[in-house]
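Structural characterization, general
Here is what each chain is made of, one letter per residue.
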Amino acid sequence: MEKSSMPSVYDPESFRKTGHKLIDTLADHLDQSNQGLTEKVIRWNKPNEEHEFWKDFLVHGENTELFSEVIKHSTHVHHPNYMGHQVSPTAPITALSGMVSALLNNGMAVYEMGMASSAMERIVTDWLCAKIGFDTSSRGFLTSGGTLANLTALLSARKAIVGQNSRNKGNTRPLGIMVSEQAHYCVDRAAKIMGLGEQGIIKIPTTEGYAMDVSLLETAYKKATKEGIYIFAIVGSAPSTATGIFDDLEVLGRFSKAHNLWFHVDGAHGGAGIFSTKYKFTVKGIHQADSVVIDGHKMLMLPTITTALLFKNGTHSHATFSQTADYLLVQSSDEDWYNLAKRTFECTKSMMSMHWYTLLKTYGETIFDEYLTRLYDLGHQFGEFIAKETDFELAVQPMSNIVCFRYRTSHCDAETLNRINEKIRQSLLEAGEFYIVQTKLRGVHYLRTTLMNPFTTEEHLKTLLKRIKSIALTTEKATT
Ligand SMILES: *Cc1c(COP(=O)(O)O)cnc(C)c1O
């Protein structure tokens with residue numbers, strides 16, 4: 001009989017040894033990254049080269065080198081020159097809670113498959129609800145990402161406003177939602193999944209400053225209604241992803257009340273503003289929402305994926321999916337908050353509540369204020385630098401830690417300028433000293449930074465602008 005591998009797979013001593021070594025490796029990585037000592041944020045490889053590397057590694061690589069190679073081949077979000085996508089440099093202790101979750105692997109669908117994490121989930125979501133300004137009839141749950149949370153919220157909205165029929169019979173009449181044209185693409189995706197079709201997504205144009213133009217709401221609503229579309233929800237972005245600009249939640253709250261609409265706030269990025277004494281105003285009116293999404297992995301230092309979906313009226317948090325899954329869920333007449341799969345789209349999920357709980361327990365609530373406030377401050381500061389430079393322009397005055405800007409010169413036409421900015425971003429990526437991203441706004445190509453690292457300083461930002469200028473000059477010579 002062949003010898004079983006199982007004893008070695010589950011061997012505690014080898015886990016201990018590898019684990020200790022890995023913690024050392026990760027701590028060294030963190031030390032180097034935090035201080036910006038690793039020369040690169042990203043060692044850029046073309047997708048096909050990367051694919052070849054890992055195919056080869058599978059056959060010839062040393063097991064002991066695996067994790068350190070993964071580190072080398074990954075983007076270093078803890079580096080102060082990381083200014084790209086909106087994922088946070090995780091508070092390192094949450095890497096440890098992540099490990100606990102992976103090993104214990106409690107699947108969370110039913111209470112006894114995650115007693116600790118289910119109870120923690122109740123505590124964490126109650127705490128978030130209170131911070132939003134909801135009363136004790138509110139409830140929430142954690143789910144796998146802002147995208148899924150937005151879909152879930154819209155399903156709740158349809159159930160609450162339109163009624164049971166849509167789920168069982170499909171949409172028996174044309175339904176619609178209202179949302180800013182700048183909203184995250186996942187809202188559009190969710191609406192299409194729900195069968196609303198293109199005509200059911202009433203996109204409200206934005207002001208010059210990229211916020212939803214609320215002066216157009218009444219007309220858009222009347223027009224859609226006249227065309228036979230039953231609008232049941234309105235979505236506010238807090239902020240919208242590309243520009244970091246906030247919709248006026250107070251106005252949206254009033255509008256939704258006047259028309260009996262569900263008011264959903266997509267606060268995946270900036271919902272965390274509820275913690276900031278200084279920046280709370282950015283989400284003024286959020287307490288009027290029927291549902292709110294907040295991503296922990298964006299502005300709360302948590303690992304991916306950690307998302308909260310919070311409901312003003314707790315009943316809606318378990319009404320959305322009420323259906324039988326007899327093998328899993330026993331019908332009950334009480335609120336049954338602890339059987340979480342009754343509320344979430346997913347069945348199995350990770351013990352994500354532990355990350356929030358661990359941070360809260362270890363450092364207390366004030367760190368969330370400190371983190372967000374520091375980064376929004378930095379966003380404003382960067383905006384000021386750029387505004388002073390003749391070679392650069394802002395897309396819009398930043399309201400958060402998201403800053404869109406571009407290199408400009410009077411020598412080039414619009415298309416050439418777009419190409420130059422595109423090249424700048426590609427050169428930065430390939431050089432790897434900084435990591436930033438890009439976006440197109442009204443046909444104009446912008447460089448986009450999200451300042452995510454509390455150790456990023458003015459000096460880093462000034463160096464970035466210097467590098468961009470020097471790339472721009474070379475590119476401009478080559479293009480003109
Ligand atoms: C990031 C983001 C999302 C998507 O959230 P994921 O957690 O990435 O799925 C949705 N809406 C907004 C406004 C976002 O910034």
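Right, let's walk through the structure included here. These numbers were taken from a predicted model, which means no experiment stands behind them.

**Digging into helix α5 (residues 93-104)**
Since one α-helical turn is 3.6 residues long, residues separated by three or four positions face the same way. Between its first and last C-alpha, α5 extends 17 Å over 12 residues, near the 16 Å set by a 1.5 Å rise per residue. Three or more residues of α5 are buried, namely Thr 94, Ser 97 and Ser 101. The buried residues of α5 all sit within an arc of 55 degrees when viewed along its axis, so they share a single face. Exposed positions of α5 whose direction lies more than 90 degrees from the buried face are Ala 102 and Leu 103. Contact partners of the buried residues in α5: α14 (353-363). Trailing α5 by a residue or two, Asn 105 shows a phi angle of about 50 degrees, which is positive.

**Re the site of the ligand**
The environment of the ligand is made up of 15 residues, and the closest members are Gly 146, Thr 147, Asp 266, Asp 295 and Lys 298. Contact between the ligand and Gly 146: an oxygen atom at 2.8 Å from a main-chain N or O atom of the residue. At a separation of 2.7 Å, an oxygen atom of the ligand approaches a polar side-chain atom of Thr 147. Summarising the interface, the protein chains cover 86% of the accessible area of the ligand, which totals 380 Å² for the free molecule. For the shell around the ligand, the secondary-structure elements that each account for two or more residues are α7 (146-161) and α12 (296-299). If one sorts the elements of the shell around the ligand by residue count, α7 sits on top with 3 residues. Considered class by class, the residues forming the shell around the ligand number 3 nonpolar, 9 polar and 3 charged.

**Regarding the nonpolar core**
Among the nonpolar cores identified, the biggest contains 84 residues, and Leu 128, Met 178, Trp 356, Phe 382, Phe 405 and Ile 424 are the most heavily contacted of them. A per-element tally of this core places helix α15 (residues 366-388) first, with 10 residues. In this structure, Phe 405 is in contact with Phe 382, Ile 386, Phe 392, Glu 393, Leu 394, Ala 395, Tyr 446, Leu 447, Thr 449, Leu 465 and Ile 468, ignoring residues within four places of it in sequence. Judged by nonpolar contacts, the second largest core, of 32 residues, contains Leu 154, Val 179, Ala 233 and Met 351.

**A look at the packing of α7 against helix α9 (residues 185-193)**
Taken N-terminus to C-terminus, the directions of α7 and α9 make an angle of 45 degrees; their axes are 9 Å apart at the nearest point. If you check the angle between α7 and α9, you find them oblique. Crossing hand, α7 versus α9: right-handed. Contact residues: α7 offers Thr 147, Asn 150, Leu 151 and Leu 154, while α9 offers Cys 186, Val 187, Ala 190 and Ile 193. Here the contact of α7 with α9 is built from residues that sort into 6 nonpolar, 2 polar and no charged.

**Things to note about the sheet that holds strand β2 (residues 175-180)**
On the basis of which strands lie adjacent, the open sheet formed by 7 strands has the order β1-β7-β6-β5-β4-β2-β3 and mixed pairing. The sheet terminates laterally at β1 (139-143) and β3 (201-204), the two strands that pair on one side only. Direction aside, neighbouring strands of the sheet carry axes that sit 20 degrees apart on average. Judged from the 5 bridges that link them, strand β6 (residues 291-295) and strand β7 (residues 307-311) form a sheet pairing that is antiparallel. Bridged to Val 293 within β7 is Leu 309. Running at roughly 120 degrees to β1, helix α6 (residues 115-132) makes contact with β1, β6 and β7 of the sheet.

**A closer look at the pattern of salt bridges**
Under the definition given, this model contains 19 salt bridges. Where Glu 121 meets Lys 349, a salt bridge forms, and the shortest distance between an N and an O atom there is 2.8 Å. Residue Glu 121 is located in helix α6, and its partner Lys 349 is located in the loop between α13 (315-319) and α14; the two are separated by 228 residues in the primary sequence. Glu 121 sits in the buried class, given a relative accessible area of 1%. Ionic contacts of the salt-bridge type, sharing partners, join the residues Asp 188, Lys 192, Glu 198 and Lys 203 into one network.

Each value, and the rule that gives it
- Residues numbered from 1 in each chain as written.
- Predicted model: local features only at pLDDT ≥ 70, side-chain atom pairs only at ≥ 80, totals over all residues.
- Heavy atoms only, no water.
- Helix = DSSP H or I, 4+ residues; strand = E, 2+ residues; numbered from the N terminus.
- Expected span 1.5 Å × (residues − 1).
- Buried < 20%, exposed > 50% of the residue type's maximum accessible area, 1.4 Å probe, protein only.
- Arc of directions from axis to C-beta.
- Contact = heavy atoms within 4.5 Å.
- Near = heavy atom within 4 Å.
- Polar contact = N/O pair within 3.5 Å; in protein donor to acceptor, adjacent residues only side chain to side chain.
- Areas by Shrake-Rupley, 256 points an atom, 1.4 Å probe, with all protein chains shown as cover.
- Nonpolar A, V, L, I, M, F, W, Y, C, P; charged D, E, K, R; others polar.
- Core = buried A, V, L, I, M, F, W, Y, C linked by side-chain atoms within 4.5 Å.
- Axes fitted to C-alpha atoms, helices over the stretch in contact; angles between N-to-C directions.
- Parallel < 35°, antiparallel > 145°, perpendicular 65-115°, else oblique.
- Left-handed = near helix turned anticlockwise from the far one by under 90°.
- Pairing = 2+ DSSP bridges.
- Salt bridge = Lys/Arg side-chain N within 4 Å of Asp/Glu carboxyl O.

None of the figures reported here should be taken as evidence of function without further support.
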